[in-house]
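Each chain, letter by letter, is given below.
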Amino acid sequence: MKRKYIWFFMLIFISLFVTGCAKNEEEGNYVKKNDIDNEVINIVLEYFQDQNTNQHNSVNEWKNASVKKIMVDETFKNFDQSYLGKEIFLVTKVDSVAAPLVFVDMERFEVIGIMPGE
């Protein structure tokens, strides 16, 4: 009878330990994603400031921009052909209909294209 209790408590302990480790790993990945998003947004802001466009005037809107990974395919007509089949970052303002779409290279972290808004 005593052995059953020991095995039962060991099983519960191991289950809690494994669950705790999995949760910490997910939290670490989330923080890492936010850091990359912030870095990409900063690259876009610097690009607009260097180009002296009117987009750098709306810095607060760009600080809350959306960053997504997309795959470049044949529908991207004005892209360098070397990007076909590769993932890049797509950055756009949140809650803005006429905002430009900004494309950022994932390896070099530089702006590689802009699709103007309406």
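Keep in mind the model is a prediction, meaning the values are calculated, not measured.

Re the overall build of the protein chain
Link 1 in the chain: For the protein chain, the helix and strand inventory stands at two helices and four strands.
Link 2 in the chain: The linear arrangement of helices and strands in the protein chain, starting from the amino end, is α-α-β-β-β-β.
Link 3 in the chain: Put simply, of all contacts in the protein chain between residues at least 6 apart along the chain, 38% involve residues at least 24 apart.
Link 4 in the chain: Total accessible area on the protein chain stands at roughly 9,100 Å², and carbon and sulfur atoms take up 55% of it.

Let's talk about the pattern of salt bridges
Link 1 in the chain: For the coordinates displayed, the defined rule picks out two salt bridges.
Link 2 in the chain: Note that Asp105 and Arg108 form a salt bridge whose closest N and O atoms lie 3.2 Å from each other.
Link 3 in the chain: One salt bridge in this structure joins Glu110 and Arg108, with 3.1 Å as the shortest N-O distance.
Link 4 in the chain: With relative accessibility at 35%, the residue Glu110 sits in the partly exposed group.

A short note on unusual backbone geometry
Link 1 in the chain: Of note, Phe109 is a non-glycine position whose phi angle comes to about 50°, a positive value.
Link 2 in the chain: Mapping Phe109 onto the fold places it in the loop between strand E3 (101-105) and strand E4 (111-115).
Link 3 in the chain: Look at Phe109 and you get partly exposed, because its relative accessible area is 27%.

Focus on the side chain of Asp105
Link 1 in the chain: You can see Asp105 is positioned in strand E3.
Link 2 in the chain: Polar side-chain contacts of Asp105 include one of 2.8 Å to the side chain of Tyr83.
Link 3 in the chain: Among all residues touching Asp105, those that are not within four sequence positions of it are Tyr83, Glu110 and Ile112.

Examining the layout of surface pockets
Link 1 in the chain: Taken as a whole, the largest pocket holds about 170 Å³ of empty space.
Link 2 in the chain: Taken together, Thr75, Phe76, Lys77, Asn78, Phe79, Asp80, Phe103, Ile112, Gly113, Ile114 and Met115 make up the lining of the largest pocket.
Link 3 in the chain: Broken down by element, the lining of the largest pocket gets its largest block of residues, four residues, from E4.
Link 4 in the chain: Looking at the lining of the largest pocket residue by residue, the classes come out as six nonpolar, three polar and two charged.

Details of the environment of Phe48
Link 1 in the chain: Relative to the assigned elements, Phe48 resides in helix H1 (residues 2-51).
Link 2 in the chain: Sequence separation of Phe48 and Val111 is 63 residues, and the distance between their C-alpha atoms is 9.8 Å.

Thresholds, definitions, all that
- Throughout, residues of each chain are indexed from 1 in the direction in which the sequence is written.
- The predicted nature of this model means local features are confined to residues of pLDDT at least 70 and side-chain atom pairs, given and counted, to a pLDDT of 80 or more, with totals for whole chains, interfaces and linings taken over all residues.
- For the side-chain quantities, the full set of heavy atoms in the structure was used; hydrogens and water were omitted.
- The helix and strand labels rest on DSSP assignments: H or I over at least four residues marks a helix, E over at least two residues marks a strand, and numbering proceeds from the N terminus.
- By the convention used here, residues are in contact when the closest approach between their heavy atoms is within 4.5 Å.
- Every accessible area reported is derived by Shrake-Rupley at a probe size of 1.4 Å, with residue values counting cover from the shown protein chains alone.
- Here, a salt bridge means any side-chain nitrogen of Lys or Arg that lies within 4 Å of a carboxyl oxygen of Asp or Glu.
- Here's how the labels work: a residue is buried when its accessible area is under 20% of the maximum for its type, exposed when over 50%, partly exposed in between, all with a 1.4 Å probe on protein chains only.
- Two N or O atoms count as a polar contact when they lie within 3.5 Å, although within protein this holds only if one can serve as hydrogen donor and the other as acceptor, and sequence-adjacent residues are included solely when both atoms are side-chain atoms.
- Buriedness of a pocket was judged along seven lines, with at least five required to meet protein on both sides within 12 Å; pockets are open sets of points on a 1 Å grid over the protein atoms alone, cavities are sets where a 1.4 Å probe fits but cannot get out, and lining residues have an atom within 4 Å of a point.
- Grid points are joined across faces, edges and corners, and a volume is the space filled by probe spheres set on the points.
- Only Asp, Glu, Lys and Arg are considered charged in this grouping, and only Ala, Val, Leu, Ile, Met, Phe, Trp, Tyr, Cys and Pro are considered nonpolar; every other residue, Gly among them, is considered polar.

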